[in-house]
Amino acid sequence: MTDRYARLRLFEHADLSKLAKKRVAIVGVGGLGALSAEILARLGVGQLVLFDYDTVEEANLNRLVYRTDQVGVKKVEAIRGHLRAANPDVQVVSHPYDVTDGRGLKALKEETPRCDLVLGCVDSFAVRLFLNAMCVQSRVPLIDGGASDDGVNGSVHVVIPGKTACYRCNRPALKDSSVAPPVRRENGGACHFTSLPTTMAVIASLQCQEGLKVLLGFGSVAPFLMYFGLEGRLERVDWKRDPACGTCGRRRR
Amino acid sequence: MAYRFKPTAVLLPAAMPLRIRDYGEAHLKTDDDLFYFLQCATVATPGEPAWSDRAAEEVYALDRFIEYLRFLEKNEWISIRPTSAAKSRWTGKVRNAGKEWDIELVLKDSYPHVPPACRIPELMHYTDRKVDDGVLGLRICDMHMEKTYWWDDHASLALYLKREVSYWVQSVVKDMREKGWL
């Protein structure tokens, strides 16, 4: 191990050098995923598998990692050089495809069972549920992160298949379509929400912190963490698994 | 001579799939529950052998939805049919405010685990209610589904039209009218 890990060797709660043998997939390398990828690369995670079909846009530059000269470049390609420069030890595998279709889906199906952890950094609820189902099926831990529409709050959800609540558990609105009517977006409803690099950095850090615990087995994994930026408050919720959950429950229909 | 009814020989037209699940029938509570019959029984992705069953159920559910619109709502605002052999790409017309626009739906390889992706090309220019999509380019935004997410593996394309596309079109047309574009 080279000297770049000198401070990490002083960490007493776990042997961080074991990260060199770990393989972590990151789905979505936007404001959240790009930061998580950089943190994990600097920690010395052996292999990072990145998924994102999107290209770098000028609107992405308010967040970290991407540079102005990378506008128009595929995100997974743009970040590859950055990660290698940050830590040449890390091996980066990139898939510039949509994970719900064609080559991206095929790659995700192949890669997920081979990974020790999947980080969900997507902006679509549908894809979150899809990743959740795939990780539960493959029995690979998933850590989903997300920020609120107003940019100041966020959450991190740790899904350890068979142990903690999955993403579909404990969400009443997901069980019965009659619980809540569909939203009529007649008042505004722009689809591009604000995104603060500060909140993104908090959520990405929490995501990676929980990821370390899952990968190395130290500390107590928080099943669900909520971050309230305006109040400066962090809240842990110990959700129970739902036996009737459509994705992970034993009594699912 | 009395006529003897033979149910096995009559009721099912040839095109009707055998497995339509009466999903949700036990808890009819809201108007939206009227659409319980828009649920499919078979869960299969376009690449799987059972997809032909699922595709038949999708067509059947869509036909029932169009009938509902025609006879009960008196507003047949959508007409759409599969245009690829695998029935994974659907095209048609969507109507509102006396106008008619092309509509395109793509059922990705992970459908029905994820909802369809939908594009109404002409309206894409007039709204920010769109998101980038890996297959369709720009498609209508369904991020608001996060608030009341209803999609599951049994939900059909017809239900997506009812619960997603119809509201999307209504809201965009309302905006366009207010801005004097329509």
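In this text, all values refer to a predicted model and were calculated from it rather than measured experimentally.

A. Region of interest: the overall build of chain A. Within chain A one finds seven helices and eight strands. Considering only intrachain contacts with a sequence separation of at least 6, the fraction spanning at least 24 residues in chain A is 62%. Within the structure as shown, chain A displays about 11800 Å² of accessible surface, and the carbon and sulfur contribution to it stands at 50%.

B. Structural view of the packing of helix α4 (residues 102–111) of chain A against helix α5 (residues 125–138) of chain A. All names here are of chain A. Following both chains from N to C, one finds α4 and α5 inclined at 35 degrees, their axes separated by 10 Å at the closest point. Handedness of the α4/α5 crossing: right-handed. Across the interface between the two elements, L105, L108 and K109 from α4 touch F130, L131 and M134 from α5. Among the residues forming the contact of α4 with α5, the class breakdown is five nonpolar, no polar and one charged.

C. Here's a closer look at the packing of helix α2 (residues 51–73) of chain B against helix α3 (residues 157–178) of chain B. All names here are of chain B. Two elements in contact, α2 and α3, have axes whose closest approach is 7 Å; the angle formed by their N-to-C orientations is 40 degrees. Looking at the two axes, α2 sits oblique to α3. Contact with α2, carried on its side by E58, A61, L62 and F65, involves L157, A158, L161 and K162 of α3 and no other residues of that element.

D. Examining the pattern of salt bridges more closely. All names here are of chain A. Scanning the model with the defined rule gives 22 salt bridges over all chains in all. Across the pair K75 and D54 runs a salt bridge, and its minimum N-O distance is 3.6 Å. Taken as a pair, K75 in helix α3 (residues 75–86) and D54 in the loop between β2 (47–51) and α3 lie far apart in primary sequence, 21 residues in all. Comparing K75 with D54 shows no difference in burial state: the two are buried. Across the pair R80 and E77 runs a salt bridge, and its minimum N-O distance is 3.6 Å. One end of the pair, R80, and the other, E77, are both in helix α3, three residues apart, so they sit about a helical turn from each other. When its relative accessible area of 37% is taken as the criterion, E77 is described as partly exposed.

E. Quick peek at the sheet that holds β2 of chain A. All names here are of chain A. Strand order in the open sheet formed by eight strands is β3-β2-β1-β4-β5-β6-β7-β8, with mixed pairing between adjacent strands. The strands lining the two open edges of the sheet, one partner per strand, are β3 (91–95) and β8 (233–237). The average undirected angle you get between the axes of adjacent strands in this sheet is 15 degrees. Relative to strand β7 (residues 224–228), strand β6 (residues 153–159) runs antiparallel, the two being bridged by five bridges. Each residue of the ladder has a partner; that of N153, found in β7, is F228. This element, α3, spans β2 and β3 of the sheet and lies at about 175 degrees to β3. Strands in contact with α4 are β1 (23–27), β2 and β3; relative to β2, the strand with the most contacts, it is inclined by about 150 degrees.

F. Region of the structure containing the packing of aromatic side chains. Residues and elements named next belong to chain A. Scanning all chains against the criterion turns up seven aromatic pairs over all chains. For the pair F125 and Y167, a centre-to-centre distance of 5.5 Å together with 55 degrees between the ring planes defines the contact as tilted. A residue pair is termed long-range when its members are at least 10 positions apart, and F125 in helix α5 and Y167 in the loop between β6 and α6 (172–175) qualify at 42 residues. Judged on exposure class, the residue F125 and its partner Y167 are both buried.

G. Here's a closer look at the environment of L105 of chain A. Its location among the elements puts L105 of chain A in helix α4. Taking the C-alpha atoms as reference points, L105 of chain A and G30 of chain A, separated by 75 residues in sequence, lie 19 Å from one another. Excluding residues within four positions of it along the chain, L105 of chain A makes contact with D98, V99, T100, F130 and M134 of chain A together with D109 and S110 of chain B.

H. Geometry of the pairing of strand β4 (residues 117–120) of chain A. Residues and elements named next belong to chain A. Side chains of β4 alternate between two faces, with L117 and L119 and V118 and G120 buried alike. Where β1 and β4 come together, four bridges link them in parallel fashion. If you follow V27 over to β4, its bridge partner there is G120. Sheet topology note: the β4/strand β5 (residues 142–147) ladder contains three bridges and is parallel. Within β5, the residue paired with G120 across the bridge is D144. In terms of handedness, the path from β4 via α5 over to β5 forms a crossover that is right-handed.

I. A look at the sheet that holds strand β2 (residues 89–96) of chain B. Residues and elements named next belong to chain B. The antiparallel open sheet is built from four strands, whose spatial order is β1-β2-β3-β4. Taken across any chain shown, the strands that pair with only one partner, and hence form the sheet edges, are β1 (78–82) and β4 (117–119). Pairs of neighbouring strands in the sheet enclose a mean axial angle of 20 degrees, with direction left out of account. Here β1 runs beside β2; their pairing, made up of five bridges, is antiparallel.

J. Layout of the pairing of strand β3 (residues 99–106) of chain B. All names here are of chain B. With eight bridges joining them, β2 and β3 adopt antiparallel strand pairing. Looking across to β3, one finds that R95 is bridged to E100. Linking β2 to β3, which pair antiparallel, is a turn of two residues; within it A97 sits at a positive phi near 55 degrees. Bridge count for β3 against β4 is three bridges, and the pairing is antiparallel. Residue pairing for β4: L105 is matched across the bridge by C118.

Calculation notes
- Residues numbered from 1 in each chain as written.
- Chains lettered and ligands numbered in written order.
- Predicted model: local features only at pLDDT ≥ 70, side-chain atom pairs only at ≥ 80, totals over all residues.
- Heavy atoms only, no water.
- Helix = DSSP H or I, 4+ residues; strand = E, 2+ residues; numbered from the N terminus.
- Contact = heavy atoms within 4.5 Å.
- Areas by Shrake-Rupley, 256 points an atom, 1.4 Å probe, with all protein chains shown as cover.
- Axes fitted to C-alpha atoms, helices over the stretch in contact; angles between N-to-C directions.
- Left-handed = near helix turned anticlockwise from the far one by under 90°.
- Nonpolar A, V, L, I, M, F, W, Y, C, P; charged D, E, K, R; others polar.
- Parallel < 35°, antiparallel > 145°, perpendicular 65-115°, else oblique.
- Salt bridge = Lys/Arg side-chain N within 4 Å of Asp/Glu carboxyl O.
- Buried < 20%, exposed > 50% of the residue type's maximum accessible area, 1.4 Å probe, protein only.
- Pairing = 2+ DSSP bridges.
- Phe/Tyr/Trp six-rings, centres within 6.5 Å; stacked < 30°, edge-to-face > 60°.
- Right-handed = clockwise from strand over helix to strand, strands pointing away.

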